[in-house]
Amino acid sequence: MSSEAKVEIIEPRNFGGDVADELVSLIGEAVSERGICRIALSGGTTPGAVYRALGHPPRVNEVPWEKVVLFWGDERYVPHSDKQSNMNMVQETMLAGLTHGPRVHPIPTDLSDPEEAARKYDALLRAEFSGALPHFDLVLLGLGDDGHTASLFPHSPLLQEDGERLVAVALSPKDGVTRITLMPRALRAGRRILFLVSGQAKADMAHRVLNGIGSIDEFPALLFRDLGDTVTWYLDSGAARKIQELGVR
Ligand code: 6PG
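Predicted, not measured: the structure shown is a model, and the values here were computed from it.

Criteria and cut-off values
- Residues numbered from 1 in each chain as written.
- Predicted model: local features only at pLDDT ≥ 70, side-chain atom pairs only at ≥ 80, totals over all residues.
- Heavy atoms only, no water.
- Pairing = 2+ DSSP bridges.
- Helix = DSSP H or I, 4+ residues; strand = E, 2+ residues; numbered from the N terminus.
- Axes fitted to C-alpha atoms, helices over the stretch in contact; angles between N-to-C directions.
- Core = buried A, V, L, I, M, F, W, Y, C linked by side-chain atoms within 4.5 Å.
- Buried < 20%, exposed > 50% of the residue type's maximum accessible area, 1.4 Å probe, protein only.
- Near = heavy atom within 4 Å.
- Polar contact = N/O pair within 3.5 Å; in protein donor to acceptor, adjacent residues only side chain to side chain.
- Areas by Shrake-Rupley, 256 points an atom, 1.4 Å probe, with all protein chains shown as cover.
- Nonpolar A, V, L, I, M, F, W, Y, C, P; charged D, E, K, R; others polar.
- Expected span 1.5 Å × (residues − 1).
- Phe/Tyr/Trp six-rings, centres within 6.5 Å; stacked < 30°, edge-to-face > 60°.
- Lys NZ or Arg CZ within 6 Å of the ring centre and 35° of its normal.
- Salt bridge = Lys/Arg side-chain N within 4 Å of Asp/Glu carboxyl O.

Participant: Can you walk me through the sheet that holds strand β1 (residues 6-10) in this structure?
Facilitator: Sheets are built from strands that pair by backbone hydrogen bonding, the pairs being arranged parallel or antiparallel. Read from one edge of the open sheet, 7 strands run β1-β10-β9-β6-β2-β3-β5, paired in parallel fashion. With partners counted over all chains shown, the strands left at the sheet margins are β1 and β5 (103-105), one partner each. Averaged over neighbouring strand pairs, the angle between their axes works out to 20° when direction is ignored. As paired elements, strand β2 (residues 37-41) and strand β6 (residues 138-141) share 2 bridges and run parallel to each other. When the sheet's bridge partners are listed, A40 is paired in β6 with V139.

Following this line, the structure appears as C-alpha coordinates:
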(Lines give C-alpha, C1' and ligand atoms only; values in the text may rest on other atoms or scores of the structure.)
Protein backbone atom coordinates (compact mmCIF):
# COMPACT_ATOMS: atom_id res chain seq x y z
CA MET A 1 0.00 0.00 0.00
CA SER A 2 1.31 3.43 -0.87
CA SER A 3 1.66 5.67 2.17
CA GLU A 4 -0.24 8.63 0.84
CA ALA A 5 -3.88 9.36 0.31
CA LYS A 6 -4.84 10.53 -3.16
CA VAL A 7 -6.05 14.10 -3.53
CA GLU A 8 -8.29 15.41 -6.33
CA ILE A 9 -8.90 19.14 -6.54
CA ILE A 10 -12.07 20.23 -8.34
CA GLU A 11 -13.58 23.58 -9.31
CA PRO A 12 -16.61 24.25 -7.09
CA ARG A 13 -19.02 24.42 -10.03
CA ASN A 14 -17.91 20.97 -11.20
CA PHE A 15 -17.76 19.33 -7.76
CA GLY A 16 -21.08 17.46 -7.85
CA GLY A 17 -20.70 16.23 -11.42
CA ASP A 18 -17.03 15.29 -11.23
CA VAL A 19 -17.38 13.35 -7.97
CA ALA A 20 -20.53 11.68 -9.32
CA ASP A 21 -18.55 10.61 -12.42
CA GLU A 22 -15.95 9.03 -10.14
CA LEU A 23 -18.68 7.21 -8.25
CA VAL A 24 -20.25 5.91 -11.47
CA SER A 25 -16.88 4.47 -12.39
CA LEU A 26 -16.10 3.04 -8.91
CA ILE A 27 -19.58 1.48 -8.63
CA GLY A 28 -19.09 -0.08 -12.08
CA GLU A 29 -15.71 -1.51 -11.01
CA ALA A 30 -17.10 -2.99 -7.79
CA VAL A 31 -20.03 -4.56 -9.62
CA SER A 32 -17.84 -6.07 -12.31
CA GLU A 33 -15.36 -7.43 -9.74
CA ARG A 34 -17.73 -8.58 -7.01
CA GLY A 35 -21.23 -8.41 -8.47
CA ILE A 36 -22.38 -5.90 -5.88
CA CYS A 37 -21.51 -2.41 -4.62
CA ARG A 38 -22.25 -1.66 -0.99
CA ILE A 39 -21.88 2.00 -0.12
CA ALA A 40 -21.85 3.78 3.26
CA LEU A 41 -23.17 7.27 2.51
CA SER A 42 -22.09 10.47 4.21
CA GLY A 43 -24.49 13.17 5.31
CA GLY A 44 -24.31 16.91 5.90
CA THR A 45 -24.61 19.37 3.04
CA THR A 46 -21.56 18.73 0.85
CA PRO A 47 -22.63 15.45 -0.80
CA GLY A 48 -26.04 16.78 -1.86
CA ALA A 49 -24.78 18.00 -5.25
CA VAL A 50 -23.03 14.67 -5.82
CA TYR A 51 -26.13 12.62 -4.96
CA ARG A 52 -28.29 14.88 -7.12
CA ALA A 53 -25.97 14.40 -10.09
CA LEU A 54 -26.02 10.62 -9.54
CA GLY A 55 -29.79 10.48 -9.28
CA HIS A 56 -30.51 12.35 -12.51
CA PRO A 57 -29.72 11.90 -16.22
CA PRO A 58 -27.30 11.19 -17.67
CA ARG A 59 -25.53 9.48 -14.73
CA VAL A 60 -28.63 7.84 -13.27
CA ASN A 61 -28.72 5.64 -16.36
CA GLU A 62 -25.06 4.67 -16.04
CA VAL A 63 -25.37 2.97 -12.62
CA PRO A 64 -26.52 -0.67 -12.22
CA TRP A 65 -28.78 0.35 -9.32
CA GLU A 66 -30.18 -3.15 -8.76
CA LYS A 67 -26.64 -4.21 -7.75
CA VAL A 68 -26.16 -1.28 -5.34
CA VAL A 69 -26.87 -1.45 -1.61
CA LEU A 70 -26.96 1.80 0.36
CA PHE A 71 -26.11 2.20 4.03
CA TRP A 72 -25.56 5.36 6.06
CA GLY A 73 -22.35 6.22 7.91
CA ASP A 74 -24.25 8.31 10.43
CA GLU A 75 -27.64 9.77 11.14
CA ARG A 76 -29.34 12.28 13.38
CA TYR A 77 -31.86 10.65 15.70
CA VAL A 78 -34.84 12.38 14.14
CA PRO A 79 -37.61 10.96 11.94
CA HIS A 80 -36.53 10.19 8.38
CA SER A 81 -39.03 12.82 7.21
CA ASP A 82 -37.16 15.53 9.17
CA LYS A 83 -35.07 18.03 7.18
CA GLN A 84 -32.06 17.27 9.43
CA SER A 85 -32.16 13.60 8.52
CA ASN A 86 -29.42 12.23 6.26
CA MET A 87 -31.92 9.66 4.94
CA ASN A 88 -34.20 12.56 4.00
CA MET A 89 -31.35 14.33 2.21
CA VAL A 90 -30.47 11.24 0.17
CA GLN A 91 -34.14 10.60 -0.58
CA GLU A 92 -34.67 14.12 -1.89
CA THR A 93 -31.44 14.48 -3.82
CA MET A 94 -30.96 11.00 -5.25
CA LEU A 95 -33.54 8.32 -4.52
CA ALA A 96 -36.50 10.38 -5.72
CA GLY A 97 -34.98 10.38 -9.21
CA LEU A 98 -34.62 6.58 -9.45
CA THR A 99 -37.17 4.41 -11.16
CA HIS A 100 -35.68 1.10 -10.08
CA GLY A 101 -34.07 0.73 -6.79
CA PRO A 102 -30.94 0.04 -4.99
CA ARG A 103 -31.52 -1.84 -1.74
CA VAL A 104 -31.65 0.84 0.92
CA HIS A 105 -30.76 0.41 4.60
CA PRO A 106 -31.22 3.71 6.44
CA ILE A 107 -30.28 3.85 10.11
CA PRO A 108 -33.50 3.30 12.10
CA THR A 109 -34.62 6.32 14.10
CA ASP A 110 -38.11 5.20 15.10
CA LEU A 111 -37.30 3.25 18.26
CA SER A 112 -37.75 4.94 21.62
CA ASP A 113 -34.19 3.99 22.65
CA PRO A 114 -31.39 5.09 20.28
CA GLU A 115 -29.10 2.45 21.85
CA GLU A 116 -31.55 -0.17 20.64
CA ALA A 117 -31.52 1.38 17.16
CA ALA A 118 -27.70 1.28 17.12
CA ARG A 119 -27.76 -2.43 18.10
CA LYS A 120 -30.31 -3.12 15.39
CA TYR A 121 -28.14 -1.48 12.71
CA ASP A 122 -25.09 -3.31 14.05
CA ALA A 123 -26.96 -6.62 13.65
CA LEU A 124 -28.05 -5.65 10.15
CA LEU A 125 -24.45 -4.94 9.12
CA ARG A 126 -23.28 -8.28 10.53
CA ALA A 127 -26.05 -10.09 8.66
CA GLU A 128 -25.29 -8.27 5.40
CA PHE A 129 -21.54 -8.91 5.67
CA SER A 130 -21.91 -12.47 7.01
CA GLY A 131 -20.56 -11.72 10.47
CA ALA A 132 -17.31 -10.21 9.20
CA LEU A 133 -16.25 -6.60 9.37
CA PRO A 134 -18.35 -4.56 6.93
CA HIS A 135 -16.08 -4.33 3.93
CA PHE A 136 -18.10 -1.64 2.17
CA ASP A 137 -17.00 -1.18 -1.41
CA LEU A 138 -17.18 2.57 -0.88
CA VAL A 139 -17.25 4.61 2.33
CA LEU A 140 -18.13 8.27 1.79
CA LEU A 141 -17.13 10.71 4.51
CA GLY A 142 -17.30 14.43 5.15
CA LEU A 143 -15.05 16.66 7.22
CA GLY A 144 -16.21 19.12 9.86
CA ASP A 145 -14.20 22.29 10.38
CA ASP A 146 -13.47 20.90 13.87
CA GLY A 147 -12.03 17.69 12.37
CA HIS A 148 -15.05 15.43 12.98
CA THR A 149 -16.12 12.88 10.45
CA ALA A 150 -19.32 10.80 10.37
CA SER A 151 -20.56 11.48 13.93
CA LEU A 152 -17.15 10.87 15.49
CA PHE A 153 -16.48 14.18 17.22
CA PRO A 154 -13.27 15.47 18.82
CA HIS A 155 -12.60 13.91 22.26
CA SER A 156 -15.47 11.43 21.90
CA PRO A 157 -14.99 8.32 24.08
CA LEU A 158 -15.95 6.31 20.98
CA LEU A 159 -12.50 7.12 19.57
CA GLN A 160 -10.82 5.19 22.41
CA GLU A 161 -13.18 2.24 22.36
CA ASP A 162 -11.50 -1.02 21.54
CA GLY A 163 -14.55 -3.31 21.43
CA GLU A 164 -16.55 -5.19 18.86
CA ARG A 165 -19.31 -2.66 18.26
CA LEU A 166 -19.80 -1.51 14.69
CA VAL A 167 -22.41 1.13 15.51
CA ALA A 168 -22.89 3.46 18.48
CA VAL A 169 -24.89 6.38 19.79
CA ALA A 170 -23.07 9.73 19.71
CA LEU A 171 -23.95 13.18 20.92
CA SER A 172 -23.15 16.13 18.71
CA PRO A 173 -21.35 18.78 20.77
CA LYS A 174 -22.43 21.29 18.11
CA ASP A 175 -26.20 21.07 18.44
CA GLY A 176 -26.75 18.53 21.24
CA VAL A 177 -28.67 16.27 18.84
CA THR A 178 -28.38 12.55 19.48
CA ARG A 179 -26.87 10.73 16.54
CA ILE A 180 -25.98 7.23 15.52
CA THR A 181 -22.61 6.60 13.92
CA LEU A 182 -20.62 3.77 12.48
CA MET A 183 -17.59 3.11 14.64
CA PRO A 184 -14.02 3.62 13.40
CA ARG A 185 -13.51 -0.13 12.87
CA ALA A 186 -16.55 -0.31 10.61
CA LEU A 187 -15.65 2.75 8.53
CA ARG A 188 -11.96 1.82 8.29
CA ALA A 189 -12.85 -1.61 6.87
CA GLY A 190 -14.06 -0.01 3.62
CA ARG A 191 -12.26 -1.04 0.41
CA ARG A 192 -12.23 2.58 -0.76
CA ILE A 193 -12.73 5.60 1.48
CA LEU A 194 -13.71 8.87 -0.16
CA PHE A 195 -13.70 12.20 1.67
CA LEU A 196 -15.94 14.83 0.05
CA VAL A 197 -14.98 18.30 1.25
CA SER A 198 -15.98 21.71 -0.05
CA GLY A 199 -15.66 25.34 0.96
CA GLN A 200 -12.91 27.57 2.34
CA ALA A 201 -14.10 27.00 5.90
CA LYS A 202 -12.59 23.50 5.60
CA ALA A 203 -9.24 24.62 4.18
CA ASP A 204 -7.38 24.70 7.49
CA MET A 205 -8.70 21.33 8.68
CA ALA A 206 -8.11 19.64 5.31
CA HIS A 207 -4.50 20.85 5.48
CA ARG A 208 -4.07 19.58 9.03
CA VAL A 209 -5.58 16.18 8.40
CA LEU A 210 -3.76 15.56 5.13
CA ASN A 211 -0.48 16.53 6.79
CA GLY A 212 -1.12 14.52 9.95
CA ILE A 213 -0.95 17.55 12.22
CA GLY A 214 -2.55 16.70 15.57
CA SER A 215 -4.04 13.58 17.13
CA ILE A 216 -7.05 11.41 16.33
CA ASP A 217 -8.55 12.49 19.64
CA GLU A 218 -8.38 16.13 18.54
CA PHE A 219 -9.23 15.58 14.88
CA PRO A 220 -11.05 12.27 14.32
CA ALA A 221 -10.67 12.46 10.53
CA LEU A 222 -7.04 11.45 11.17
CA LEU A 223 -8.38 7.93 11.87
CA PHE A 224 -7.92 7.16 8.19
CA ARG A 225 -4.47 8.60 7.68
CA ASP A 226 -2.66 5.25 7.97
CA LEU A 227 -4.76 3.69 5.21
CA GLY A 228 -2.66 5.13 2.40
CA ASP A 229 -4.17 5.26 -1.05
CA THR A 230 -7.28 3.38 0.07
CA VAL A 231 -8.33 6.95 0.82
CA THR A 232 -9.09 9.63 -1.79
CA TRP A 233 -9.82 13.23 -0.88
CA TYR A 234 -12.11 15.14 -3.24
CA LEU A 235 -11.60 18.78 -2.36
CA ASP A 236 -13.08 21.76 -4.08
CA SER A 237 -10.63 24.58 -4.69
CA GLY A 238 -11.89 26.43 -1.60
CA ALA A 239 -11.20 23.50 0.70
CA ALA A 240 -7.87 22.89 -1.06
CA ARG A 241 -6.67 26.49 -0.70
CA LYS A 242 -4.20 25.92 2.14
CA ILE A 243 -2.93 22.66 0.69
CA GLN A 244 -2.25 24.40 -2.60
CA GLU A 245 -0.35 27.14 -0.77
CA LEU A 246 1.60 24.96 1.64
CA GLY A 247 1.48 21.47 0.11
CA VAL A 248 1.10 18.00 1.57
CA ARG A 249 4.19 16.69 3.34
C1 6PG B 1 -23.43 14.76 9.02
C2 6PG B 1 -22.10 14.13 8.79
C3 6PG B 1 -20.90 14.92 9.11
C4 6PG B 1 -20.60 15.78 7.89
C5 6PG B 1 -19.64 16.88 8.23
C6 6PG B 1 -19.46 17.83 7.08
O7 6PG B 1 -24.39 14.06 8.90
O8 6PG B 1 -23.47 15.98 9.28
O9 6PG B 1 -22.03 12.88 8.60
O10 6PG B 1 -19.78 14.18 9.47
O11 6PG B 1 -20.10 14.99 6.85
O12 6PG B 1 -20.17 17.59 9.32
O13 6PG B 1 -20.70 18.40 6.83
P14 6PG B 1 -20.97 19.46 5.70
O15 6PG B 1 -20.86 18.75 4.42
O16 6PG B 1 -22.38 19.92 5.97
O17 6PG B 1 -19.97 20.53 5.88
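Participant: When you look at the nonpolar core in this model, what are you seeing that I'm missing?
Facilitator: Considering soluble globular proteins, one finds that nonpolar side chains tend to be buried as a cluster. Of all hydrophobic cores here, the largest spans 81 residues; its most connected members are I39, F195, F224, W233 and L235. Per-element accounting of this core gives the leading share, 9 residues, to helix α1 (residues 15-34).

Participant: How should I be thinking about the site of the ligand in this particular structure?
Facilitator: Around the ligand, a shell composed of 14 residues is seen, among which T46, D74, H148, A150 and K202 lie nearest. At 3.3 Å from an oxygen atom of the ligand is found a main-chain nitrogen or oxygen belonging to G44. In the environment of the ligand, an oxygen atom lies 2.7 Å from a nitrogen or oxygen atom belonging to the side chain of R76. Relative to its unbound accessible surface of 410 Å², the ligand loses 89% to contact with the protein. For the shell around the ligand, the per-class residue count stands at 2 nonpolar, 8 polar and 4 charged.

Participant: Would you explain the pairing of strand β8 (residues 178-182) in this entry?
Facilitator: On a regular strand, each side chain points to the face opposite its neighbour's, so the side chains alternate between the two faces of the sheet. The element β8 is extensively covered by neighbouring structure, given that 4 of its 5 residues are classed as buried. Across 3 bridges, the pairing between strand β4 (residues 74-76) and β8 is antiparallel. Across the sheet, E75 pairs through a bridge with I180, a residue of β8. Where strand β7 (residues 167-171) lies against β8, 5 bridges are found, and the strand directions are antiparallel.

Participant: Hey, could you run me through α1 in this one?
Facilitator: Residue pairs spaced three or four apart in an α-helix point in one direction, given the helix's 3.6 residues per turn. In this model, α1 (20 residues) spans 28 Å end to end at C-alpha, consistent with the 28 Å of a helix rising 1.5 Å per residue. Looking only at α1, the buried set comprises F15, G16, G17, V19, A20, L23, V24, L26, I27, A30 and V31. One or two residues past the end of α1 sits G35, with phi positive at roughly 80°.

Participant: For this particular structure, what's the right way to read the packing of aromatic side chains?
Facilitator: In this description, a pair of aromatic rings is defined by centroid distance and the angle of the planes. The tally for this structure, following the rule as stated, stands at 5 aromatic pairs. On the numbers, 5.2 Å between centres and 75° between planes, the contact of F129 with F136 is edge-to-face. As far as the burial class goes, F129 and F136 line up, both buried. Here F195 and W233 contribute two aromatic rings whose centre-to-centre distance is 3.9 Å and whose plane-to-plane angle is 5°, an arrangement assigned as stacked. Of this pair, F195 sits in strand β9 (residues 192-197) while W233 is found in strand β10 (residues 231-236), placing the two residues 38 residues apart along the sequence. Exposure class is identical for F195 and W233. Each is buried. Taken together, the ring pairs in this structure connect F71, F129 and F136 into an aromatic cluster. The positively charged end of R38 is found above the aromatic ring belonging to F129, 4.6 Å away from the centroid.

Participant: What's the story with the pattern of salt bridges in this structure? I'm lost.
Facilitator: Side-chain pairs of opposite charge can arise whenever the charged atoms involved come near each other. A full pass over the atoms with the stated rule returns 17 salt bridges. Linking R119 and E116 is a salt bridge whose minimum nitrogen-to-oxygen distance equals 2.9 Å. One end of the pair is R119 and the other is E116, both in helix α4 (residues 114-128) and 3 residues apart, which spans about a single turn. Of the residues examined, R119 reaches a relative accessible area of 48% and is grouped as partly exposed. D204 is the partner of K242 in a salt bridge, and the nearest nitrogen-oxygen pair spans 2.6 Å. One end of the pair, K242, is in helix α7 (residues 241-246); the other, D204, is in helix α6 (residues 203-211), and 38 residues separate them in sequence. Residues joined by salt bridges that share partners form a network here, namely E33, R34, D137 and R191.

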